[in-house]
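Read off the chains here:
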Amino acid sequence: MARGSKAGGKPLGGRRRKTPGRKRHSHQNAVRRGGVASVAGRRKVVVSRLDRELKEVAEQQVATSEVLRLISSSSGDVQPIFASILASAVRLCAADNGVINRWDGGALHLIATHNMPQAFIDVRNQSPYRPHQHSASGRMLASKAPVHIADLAEDRSYLEGNPPTVAAVEVVGIRTTLAVPMWKGDELVGSISLGRNEVRPFTSGQIEVVQNFAAQAVVAIENARLLHELRETLEQQVAAADVLKIISRSTFDLQTVLDTLLELVVRLCGAELGALHPKRANFRAFATYGGPASHNEVASTVLFEPDSGSVMGRTALEGRPVQVADVLADPQYQLQAAQQQLGYRTCLGVPLLRDGEPIGVIVLMRSTVRPFTDRQIQLAQNFADQAVVAIENARLLTELRQRTDALSRTVAELQRERKNKLMNLEAMAASISHEVRQPLASIASNGGAAIRFLGHAPPNLEEVRSALNRMVSESHRASQVFDNIRALFEKAEQGHESIDVNDLVRSVLSGLQGELDDHGITGRLDLPRDSPSITGHKGQLQEVLVNLIHNAIEAMRADEAGRRLLQVSVRPGGADKLIVAVEDSGPGIDAKQAANIFDAFVTTKPHGMGLGLALSRMIVERHGGQLSVSPAQPRGAVFRMVLPTAQPSSKASR
Ligand code: ADP
C-alpha cells in the first residue's frame, strides 16, 4: 500500500488531520539537510531515506495484508484481528504498547491491549472510562482527530490526577502517547492509542500508519457485525422453516404448535419468559415458556382483555406491538402480583391479528431492564403471524372434520334407507315364505296327525278335533302373516289400536307352549301387576314376539348344555316407555355377527332367511321404539324391545 493511502478506510477530512502530510515534512527535512551536504552526500542521504521508506512501506504492506487475511478468513471473532492490528501498529510505529478502545457514545471500553500490565487493565476496567477532557482520548473525542502528546508526565490530565493517565504514566511508564480515532462513516466507533515509555514523538508517517490500521479495525468490526446479522437471519430462517414444518405436520395438535412456536420466539428474541394468551372466543389453547414452575398458573390468571393495566391488555387494545422497558417504572401497570412472582422487568406484547382483529397476544419478558430491538420486535410479530396461521389451520380442520362427520352420517342414513327400501321389495316374497312356512308346516303335520287318528280303530275323534283346531288356528296365523306384512308397507299408524301388553305376551307364549314343551324349554313370565298398554299394530307386535321366541327356541335347541330357560318380562323403562325382554339360556350371539344381526339376510342357520330380526326391528321402529340385543347372564341372549307407552306406565312391577 502506498504511504498516505487510506485504502480500506474512510479518507480523513482536513478537520481531523492535524498532523501535516508526511511527504511535505520529509521534503522539508531534505531541503534543510541539502543546505549543508555535498551533492554526493545529499544523494546518499536521499538514497538511504528512500531505502528506509521502502522498507517501511514493505513492512506495512506485510502487516496490512496479514490483517486483511485475518479479516477475510474471520469466522466472526474480531479479537485475533484486533490483536494483530495492535501488534503491527506498535511494531511499525516503534511504540512500546497500545490499546484499542470501543466508544459507545458515552464511554471508552478496552477491547484489546498490547504489552499492557494487568494493573493498568484493572484500573481501566474498574468503571466506564469517560476520558478526562485534557487526556489524549478526551482531546481526541473533542477534536475528532488524532491527538499526540509528547510527554504525558507534563500533561494536565496527569497533573490533575486523572486515574487512567496516572496509571499510564506510573504503572505502564508511558511518556509519549498517540490517540487515533476509528471512524465508521461519520460515526466515532473507537480509538487506537499507542504509547512509548520515553519522550519521543511519533512521526506523521507513523500517525498515518495508525490511521490505516484504525480503518482496518473498523472494517473488521463491520464484517463481524454483518456476519453476526447474517447468522441471526439464518437462524431465524431455520426457525421459521421449523415452525412451518411443525404447523404442516401437526395441524391436529394446536397446543404442540403453539408451545413450540412460543419456545422458539422466546429464545430467538433473547427473552427469558413467554406467554401466549388466547381470546377465548376464537381459540382456547394457552401456552407459557420459561420461568418458575408457577408461571403457567400465574399467566393463566391474566385473561385476554383490552385495557391499559397490562402489556397484554395494551397490545390487545392497540392491535400492534407494545413494549414497556420497565414495568416497575410504569405508573399504569397493574399486574404487580404477577410481576412479583415472575420477576420480569422489560415486557413486549405482540398481537395475533386475524383480519386486523387481535385474537390473542404473545408476551415476551426479560428479568432485567433491557428493551427489545426493532429487529426482535419484528421477529416476534412474524412468529405471532405464524401462530395465527396455525390457529386458522386448526379451526378449518375442525370445521372440515365436523362437516365430514355430518356428511358420513347422512350417507350412512341414506344407505340404510336404501337398504330398507331394497329389503322391502326384494324381501317381500322371501319374508312371506319365511313367515308362512311355520304355520303351513304346522297345518301339514296336524293334517297328517288327524288322518292318523282317523285311521285308529275306533278313530280317536278327540285327537282329530284338536288337530283340526290347531290347523284352523295355524291357517288364521298364516293369513295374519299376510295381513301383517301388508301392514308393514302401509302408512305408519294404520291398524293401530290400544294393546294390553301383558295380554299380548301371554297369548304369544301360550300359542308357542307346545313348541317349548317339545324341546324341553321352561317358559317363565315376569309381568307387572298393572298391565301397561301401548298403541300399536297388534299383529305386527305379535310377529316380533313370535320371531324372538322362535329364535330363542332354535338357539337353545341347537345347544346341548344346561337347562333350557326362556323368560319373557315386561317392566317400565322410565315414565313413558316400557321394555319387553326375551331372554334365553342358549349359546348367545356369535361375536362376529353381533354388529349386524339386525341387517337383512344375515343368518347363521343352514335354512335361515336372515329376515326375522330385520323385519322385527323395522316394526318396532315404526312403533317409535327400539330393538336391541345384549348378552344374558350367565349365558344366552336378551333381546329388548323398548316401546312408548300410551299413558305413563305404572312403577309397580308384579
Ligand atoms: P334367521 O332366524 O332366519 O337366521 P334372524 O334375523 O331372525 O334370521 O336371525 C339372524 C341371526 O341372529 C340368526 O341366524 C342367529 O345367528 C342370530 N340369533 C337370533 N336370535 C338369537 C338368539 N336368541 N340366540 C343366538 N343367536 C340368535
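This is a predicted model, so every value here is computed, not measured. (Residues numbered from 1 in each chain as written. Predicted model: local features only at pLDDT ≥ 70, side-chain atom pairs only at ≥ 80, totals over all residues. Heavy atoms only, no water.)

Once that is clear, we can look at empty space enclosed by the protein. Applying the stated criterion across every chain, the model contains six cavities of 30 Å³ or more. Space inside the largest cavity adds up to approximately 270 Å³. Phe-120, Ser-137, Ala-168, Thr-177 and Ser-193 are, among the 23 residues lining the largest cavity, the residues nearest its centre. Where the lining of the largest cavity is concerned, the elements lending two or more residues are β1 (97-103), α4 (118-126), α5 (136-143), α7 (163-172), β4 (176-184) and β5 (187-196). No other element matches the four residues that β1 contributes to the lining of the largest cavity. A volume near 140 Å³ is recorded for the second largest cavity. When contributions to the lining of the second largest cavity are tallied by element, the ones reaching two or more residues are β6 (273-278), α10 (295-300), α11 (311-318), α12 (336-342) and β10 (357-366). With three residues, the top contributor of residues to the lining of the second largest cavity is α10. Residues belonging to the lining of the second largest cavity are distributed by class as follows: 14 nonpolar, three polar and no charged. (1 Å grid on protein atoms, 1.4 Å probe; cavity = no way out; pocket = protein on both sides within 12 Å on 5 of 7 lines; lining within 4 Å. Points joined across faces, edges and corners; volume = space filled by probe spheres on them. Helix = DSSP H or I, 4+ residues; strand = E, 2+ residues; numbered from the N terminus. Nonpolar A, V, L, I, M, F, W, Y, C, P; charged D, E, K, R; others polar.)

Taken together, 18 residues lie around the ligand, and Asn-551, Asp-584, Thr-603, Thr-604 and Lys-605 are the ones closest in. One of the side-chain nitrogen or oxygen atoms of Asn-551 is found 2.8 Å away from an oxygen atom of the ligand. For the ligand, whose free accessible area comes to 540 Å², the fraction covered by protein is 94%. With respect to the pocket detection grid, the ligand is positioned in the largest pocket. If one sorts the elements of the shell around the ligand by residue count, helix α16 (residues 538-557) sits on top with three residues. Here the residues of the shell around the ligand sort into nine nonpolar, seven polar and two charged. (Near = heavy atom within 4 Å. Polar contact = N/O pair within 3.5 Å; in protein donor to acceptor, adjacent residues only side chain to side chain. Areas by Shrake-Rupley, 256 points an atom, 1.4 Å probe, with all protein chains shown as cover. Sits in = over half its atoms within 2 Å of the grid points.)

Across all of its chains, the model carries 17 salt bridges by this definition. Of the charged contacts, one joins Arg-267 and Glu-263 as a salt bridge, the two residues approaching to 3.0 Å between their closest N and O atoms. Here the residue Arg-267 and the residue Glu-263 both occupy positions in helix α9 (residues 254-268), the gap between them amounting to four residues, near one helical turn. Among the salt bridges present, the one from Glu-554 reaches Lys-605, with a minimum N-O distance of 2.8 Å. Separated by 51 residues along the polypeptide, Glu-554 in helix α16 and Lys-605 in the loop between β15 (577-584) and α17 (612-622) bring together distant segments of the chain. The class of Glu-554 is partly exposed, set by a relative accessible area of 27%. Given a relative accessible area of 31%, Lys-605 falls into the partly exposed group. Among the charged side chains, a network of salt bridges with common partners joins Arg-354, Glu-392, Arg-395, Glu-399 and Arg-403. (Salt bridge = Lys/Arg side-chain N within 4 Å of Asp/Glu carboxyl O. Buried < 20%, exposed > 50% of the residue type's maximum accessible area, 1.4 Å probe, protein only.)

All right, on to unusual backbone geometry then. Looking along the chain, the bond that leaves Ala-457 and enters Pro-458 is cis, with omega of -10°. When you line up the elements, Pro-458 lands in the loop between α13 (374-455) and α14 (461-488). With an omega of 0°, the peptide bond between Gln-633 and Pro-634 qualifies as cis. Secondary-structure assignment places Pro-634 in the loop between β16 (626-631) and β17 (637-644). Phi at Ala-94 is positive, roughly 50°, even though this residue is not glycine. Within the element layout of this structure, Ala-94 appears in the loop between α3 (79-92) and β1. When its relative accessible area of 34% is taken as the criterion, Ala-94 is described as partly exposed. For Asp-355, which is not glycine, the phi dihedral falls at a positive 50°. By the secondary structure assignment, Asp-355 is in the loop between β9 (346-354) and β10.

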